[in-house]
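# Architecture at a glance
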Amino acid sequence: MPAGKKDKKGLDNVFAEKDKEIAEYVDQLKRLQAEFENYKKRAAREREEHLKYANEQLILKLLEVLDDFDRALEASEVSRECETLRSGLDLTSKKLHGILEAEGLSRIEAVGKVFDPLKHEALLVEHSDEHSEDVVIGELDKGYELRSKVIRPCKVKVCKKVN
């Protein structure tokens, strides 16, 4: 084979090798770009999820105040002598409920519902034939969800059948 043809074949091989390397680098770059795009999307979702529940600790603290307001309202119903106090407590309670609801808080219904360990915490069990098995028959503390996430389960009394 003449020297010129041999050199051309050698160059063709070098170019083919370089083309192969370029294709591998382009493929690797495309994969890295796709991974980076997926990372950005995942980070945005995680940031959004964090912001969605950022107020959870504050709301948990406010729930204690809300419980005190509710207890005061219940106690004031027994004695009508403090009607002005009751009226003020009622307005404050409604305002606090409104603020918390606007933040995504909702109360978990318990009494009359089937016991759900994800939403209810059983503190007492009462043996009875008057109610269905595993039905919540009393609520000791209210439970709450923040945008469908249980942040405080209801503390409840559950019915068990008499054997």
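Being a predicted model, the structure only gives us computed values, none of them experimental.

This part is about the overall build of the protein chain. When helices and strands are counted, the protein chain shows three helices and six strands. Going residue by residue from the N terminus, the α and β elements of the protein chain occur as α-α-α-β-β-β-β-β-β. Scaling as 2.2 N^0.38, a compact globule of 163 residues should have a C-alpha radius of gyration of about 15 Å, whereas the protein chain reaches 33 Å, well beyond that. For the C-alpha atoms alone, the extent of the protein chain along its principal axes is close to 115 × 50 × 15 Å. Residues classed as buried in the protein chain amount to 21% of the 163 residues present. Long-range pairs, those at least 24 residues apart, make up 66% of the contacts in the protein chain with a sequence separation of at least 6. Carbon and sulfur atoms form 54% of the exposed surface of the protein chain, whose accessible area is close to 12,100 Å². In the protein chain, the 31 positive side-chain charges and the 35 negative ones have mean positions that sit 9 Å from each other.

Glancing now at the sheet that holds strand β5 (residues 149-152). Overall, antiparallel pairing links the three strands, which are arranged β1-β4-β5 in an open sheet. Here the strands that pair on one side only, and so sit at the sheet edges, are β1 (105-108) and β5. Along the sheet, successive strands turn relative to each other by an average axial angle of 40°, direction set aside. Where strand β4 (residues 143-146) meets β5, three bridges bridge the pair, whose relative direction is antiparallel. Opposite Y144, over in β5, you have R152 as the bridge partner. Sheet strands in contact with helix α2 (residues 56-78) are β1, β4 and β5, and its direction is about 55° off that of β5.

Let us look at the side chain of R152. Checked against the element boundaries, R152 lands in strand β5. When its relative accessible area of 14% is taken as the criterion, R152 is described as buried. Only 2.9 Å separates the side chain of R152 from the backbone oxygen of K142, close enough to count as a polar contact.

Turning our attention to unusual backbone geometry. Of note in the backbone geometry, D134 takes a positive phi value of approximately 65° without being a glycine. Even without a glycine there, the phi angle at R147 is positive, about 50°. Along the polypeptide, R147 turns up in the loop between β4 and β5.

Examined against the element boundaries, S93 turns out to sit in helix α3 (residues 83-102). For S93, the residues in contact, after removing those within four places along its chain, are L66, F69, D70 and L73.

Next up on the list: the sheet that holds strand β3 (residues 136-141). Reading across from one edge, β2-β6-β3 is the order of the three strands in this open sheet, with mixed pairing throughout. Bordering the open sheet on either side are β2 (120-127) and β3, each of which pairs with just one other strand. Averaged over all neighbouring strand pairs, the angle between strand axes comes to 30°, with direction disregarded. Sheet topology note: the β3/strand β6 (residues 154-160) ladder contains four bridges and is antiparallel. Across the sheet, D141 pairs through a bridge with K155, a residue of β6.

Here we take up α2. Taking 1.5 Å per residue, 23 residues should reach 33 Å; α2 reaches 34 Å between its end C-alpha atoms and fits that length. When we look at burial in α2, the residues that qualify are E56, I59, L63, L66, D67, F69, D70, L73 and S76. Contacts made by the buried residues of α2 are with α3, β1, β4 and β5.

Thresholds applied
- Residues numbered from 1 in each chain as written.
- Predicted model: local features only at pLDDT ≥ 70, side-chain atom pairs only at ≥ 80, totals over all residues.
- Heavy atoms only, no water.
- Helix = DSSP H or I, 4+ residues; strand = E, 2+ residues; numbered from the N terminus.
- Rg over C-alpha atoms; globule rule 2.2 N^0.38 Å.
- Buried < 20%, exposed > 50% of the residue type's maximum accessible area, 1.4 Å probe, protein only.
- Contact = heavy atoms within 4.5 Å.
- Areas by Shrake-Rupley, 256 points an atom, 1.4 Å probe, with all protein chains shown as cover.
- Lys, Arg positive; Asp, Glu negative; His and termini not counted.
- Charge placed at Lys NZ, Arg CZ, Asp CG, Glu CD.
- Pairing = 2+ DSSP bridges.
- Axes fitted to C-alpha atoms, helices over the stretch in contact; angles between N-to-C directions.
- Polar contact = N/O pair within 3.5 Å; in protein donor to acceptor, adjacent residues only side chain to side chain.
- Expected span 1.5 Å × (residues − 1).

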